[in-house]
Amino acid sequence: MDINAIRSEYPILSQEVYGRPLIYLDNAATTQLPLPVWRAMERYYTQTHSNVHRGAHLLSETATAQLEEARQTAACFLGAEDSREILFTSGATEGLNLLARSLEHLILPGDHILVTVLEHHSNFLPWQELCARTGAQLHIVPITGSGELDREQLRRLLTLPQVRLAAVTAVSNVLGVCNPIREIAGEVHGAGAWLVVDGAQGLRHGRLDMITLDCDAFAFSAHKMMGPTGTGVLYVKASLLDQLRPCVFGGGMVDQAEELRSAYAPPPAGLEAGTPNIAGIIGLRAAMDYLTRLGLEEIARREAALLSRAEAGLRAMPGIQVYGAPSHRAGALSFNLTGVHPFDAAALLDRLGIALRSGHHCAQPLMRRLGVTGTLRVSPAFYNTEDEVDAFLAGVQKVLDVTEVYHG
Ligand code: PLP
């Protein structure tokens, strides 16, 4: 990878903050957009901006073709069997909520739904709410001391009668733990349940293949993969897709609207009510093409090397606690400085130009399991450099030194 050439496509990365070069290490929250993604959206807005699906004029037909091409690209990117399995959403959160709502009629009182303690609230609360509405029972699969999913406990819970669904993250946004989705899919399907995967953090860690992973649903957001905010995909395997019922009603999703009762279009249209985020979807397509051009395996290798460098440096510093020691970590790493609140540490690092995330990372059950109210999280992307990781480590050391003096 020619890092200088790559960075030249991200003007935002070459700015200064507080008179220092910006070191952006908050990529698990949102990634930056390269120029090819911007340009694709700019071309749409300056040349073909128009509403999709219902227009008989050239601009509308062009915009519709671009949207449907993006669906094809997403199907290829995910290794889906059929592009109708791709639903466009506003992001992972909407995708998971949409799924929970549209399969509600399939869940009965006394059914069991499993989530894991690693989940972001987006893959926890929709299932908790679904249980409250249907009378199903929610169970939380714990983690081991190293932060990995406790597979024994998962297998034990899967022996409950009427387990309908397990919702599991591909990669934890707090610990960076990578779950073995294919193996988990085998166990969940063995129990006759569906596997829903939160793929929000799972996109830059190698090529995806839904057929091999064999999950029933997979949700993600464009803004964590060099695309724009407000756009995402919910992949649903055809066998589950055909059982879903629309849960948002309006334009674009109806086959025949009658005074008393209406018939809805089959998916994907039936589950995509209203005008979609057309520019965002075009940007998402450009982001997928961009990542594919760079090489997903190469991206994964580079990000793993940067994260290992950060982890090794942090572990070598007295006064730092790193959370979890999984056999496979990707994307993000959580840590704390002894005796320093993560917000204070993040604010001090910010003054050094270093952007990190701090807090509970929308994973409060996991914070309770770790026995903390919050952590600092470092999450490099392939466009970060080794020098930036070293500057981050030096910054952490500086905060340790300063706070030690302060604590006196
Ligand atoms: N799931 C995980 C693991 C995440 O990290 C995030 C965002 O941080 C989400 C879901 C929610 O994504 P969005 O806010 O884009 O819907």
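Everything numeric in this text was worked out from a predicted model, so none of it was measured.

Rules of the game
Residues numbered from 1 in each chain as written. Predicted model: local features only at pLDDT ≥ 70, side-chain atom pairs only at ≥ 80, totals over all residues. Heavy atoms only, no water. Helix = DSSP H or I, 4+ residues; strand = E, 2+ residues; numbered from the N terminus. Rg over C-alpha atoms; globule rule 2.2 N^0.38 Å. Buried < 20%, exposed > 50% of the residue type's maximum accessible area, 1.4 Å probe, protein only. Contact = heavy atoms within 4.5 Å. Areas by Shrake-Rupley, 256 points an atom, 1.4 Å probe, with all protein chains shown as cover. Core = buried A, V, L, I, M, F, W, Y, C linked by side-chain atoms within 4.5 Å. Patch = residues over 30% accessible without salt bridge, like charges linked within 9 Å, V, L, I, M, F, W, Y side chains within 5 Å. Salt bridge = Lys/Arg side-chain N within 4 Å of Asp/Glu carboxyl O. Near = heavy atom within 4 Å. Polar contact = N/O pair within 3.5 Å; in protein donor to acceptor, adjacent residues only side chain to side chain. Nonpolar A, V, L, I, M, F, W, Y, C, P; charged D, E, K, R; others polar. Pairing = 2+ DSSP bridges. Axes fitted to C-alpha atoms, helices over the stretch in contact; angles between N-to-C directions. 1 Å grid on protein atoms, 1.4 Å probe; cavity = no way out; pocket = protein on both sides within 12 Å on 5 of 7 lines; lining within 4 Å. Points joined across faces, edges and corners; volume = space filled by probe spheres on them.

**Q** What am I meant to see in the overall build of the chain here?
**A** A tally of helices and strands in the chain yields 14 helices and 17 strands. For the chain, the C-alpha radius of gyration of 22 Å lies close to 22 Å, the compact-globule estimate for 408 residues. Along the longest, intermediate and shortest principal axes, the C-alpha atoms of the chain span 75 × 55 × 35 Å. Going through the 408 residues of the chain one by one, you find that 56% of them count as buried. Contacts in the chain between residues at least 24 apart in sequence constitute 70% of all its contacts with a sequence separation of at least 6. As displayed, the chain offers around 17,200 Å² of accessible surface, 52% of which is attributable to carbon and sulfur atoms.

**Q** What is the right way to read the nonpolar core from this model?
**A** Counting residues in each nonpolar core, the largest one holds 81 residues, and the members touching the most others are L78, L195 and F218. Looking at this core, the element that brings in the most residues is helix α10 (residues 278–294), giving 10 residues. The contact partners of F218, leaving out residues within four places of it in the chain, are L78, V197, G199, L203, L208, M210, L213, V233, L234 and Y235.

**Q** Explanation requested: a nonpolar patch on the surface in the structure shown.
**A** Residues F249, V254 and Y264 make up a contiguous nonpolar surface patch of roughly 280 Å² in combined accessible area. Overall, the relative accessible area of 34% leaves V254 in the partly exposed class.

**Q** I keep staring at the site of the ligand and nothing clicks. Help me out?
**A** Around the ligand, the neighbouring residues are A92, T93, H120, S122, N173, D198, A200, Q201, S221, H223 and K224. A distance of 3.5 Å separates an oxygen atom of the ligand from a polar side-chain atom of H120. In the environment of the ligand, an oxygen atom lies 2.7 Å from a nitrogen or oxygen atom belonging to the side chain of H223. Classifying every residue of the shell around the ligand gives two nonpolar, seven polar and two charged.

**Q** How should I be thinking about the sheet that holds strand β5 (residues 112–116) in this particular structure?
**A** Strand pairing in a sheet takes place through backbone hydrogen bonds and is either antiparallel or parallel in direction. Read from one edge to the other, the open sheet built from seven strands follows the order β4-β10-β9-β8-β7-β5-β6, with strand pairing classed as mixed. In this open sheet, the two strands that pair with only one neighbour each are β4 (86–89) and β6 (137–141). Strand-to-strand twist of the sheet, defined as the mean angle between neighbouring strand axes without regard to direction, takes the value 20°. By the bridge criterion, four bridges tie β4 to strand β10 (residues 232–236) in an arrangement that is antiparallel. Bridge pairing links I86 to Y235 in β10. Sheet contacts for helix α4 (residues 92–102): β4, β8 (194–198), β9 (217–221) and β10; angle to β9, the most-contacted strand, approximately 150°.

**Q** Help me understand the side chain of R377, please; the structure alone is not making it clear to me.
**A** Locating R377 in the fold gives a position in strand β17 (residues 375–378). Take R377: its relative accessible area is 3%, and that puts it in the buried class. Within polar-contact distance, the side chain of R377 engages the backbone oxygen of N173 at 2.9 Å.

**Q** Just to check I follow, could you spell out the sheet that holds strand β13 (residues 320–322) for this structure?
**A** Reading across the sheet, the four strands line up as β13-β14-β17-β16 and stay open at both edges, with antiparallel pairing between neighbours. The sheet is open, and its two edges are formed by β13 and β16 (357–359), each paired on a single side. With strand direction ignored, the average angle separating the axes of adjacent strands in the sheet is 30°. Pairing analysis gives three bridges linking strand β14 (residues 333–337) to β17, with the strands arranged antiparallel. In the sheet register, F335 faces β17, and the bridge partner there is L376.

**Q** For this particular structure, what's the right way to read the environment of L333?
**A** Checked against the element boundaries, L333 lands in strand β14. In this structure L333 comes out as buried when scored by relative accessible area, which is 0%. Between the C-alpha atom of L333 and that of V174, which follows or precedes it by 159 residues, the distance is 6.5 Å. Leaving out residues up to four positions away in the same chain, L333 has contacts with V174, L307, E311, L314, V322, L376, R377 and V378.

**Q** Got a minute to help me understand the environment of A346 in this structure?
**A** Structurally, A346 is set in helix α12 (residues 342–351). Judged by its relative accessible area of 12%, A346 falls in the buried class. A sequence separation of 102 residues divides A346 from L244, and the C-alpha atoms of the two residues are 43 Å apart. Not counting chain neighbours up to four residues away, the residues in contact with A346 comprise S358 and L376.

**Q** How do you make sense of empty space enclosed by the protein when you look at a structure like this?
**A** In this approach a probe as big as a water molecule rolls over the atoms, and the regions it shows empty are the leftover space. For the structure on display, the rule yields one cavity of 30 Å³ or more. Approximately 60 Å³ is the volume found for the largest cavity. As for the largest cavity, its lining consists of N27, A28, A200, Q201, G202, L203, R204, H205, K224 and G331. Here the residues of the lining of the largest cavity are counted per class, giving three nonpolar, five polar and two charged.

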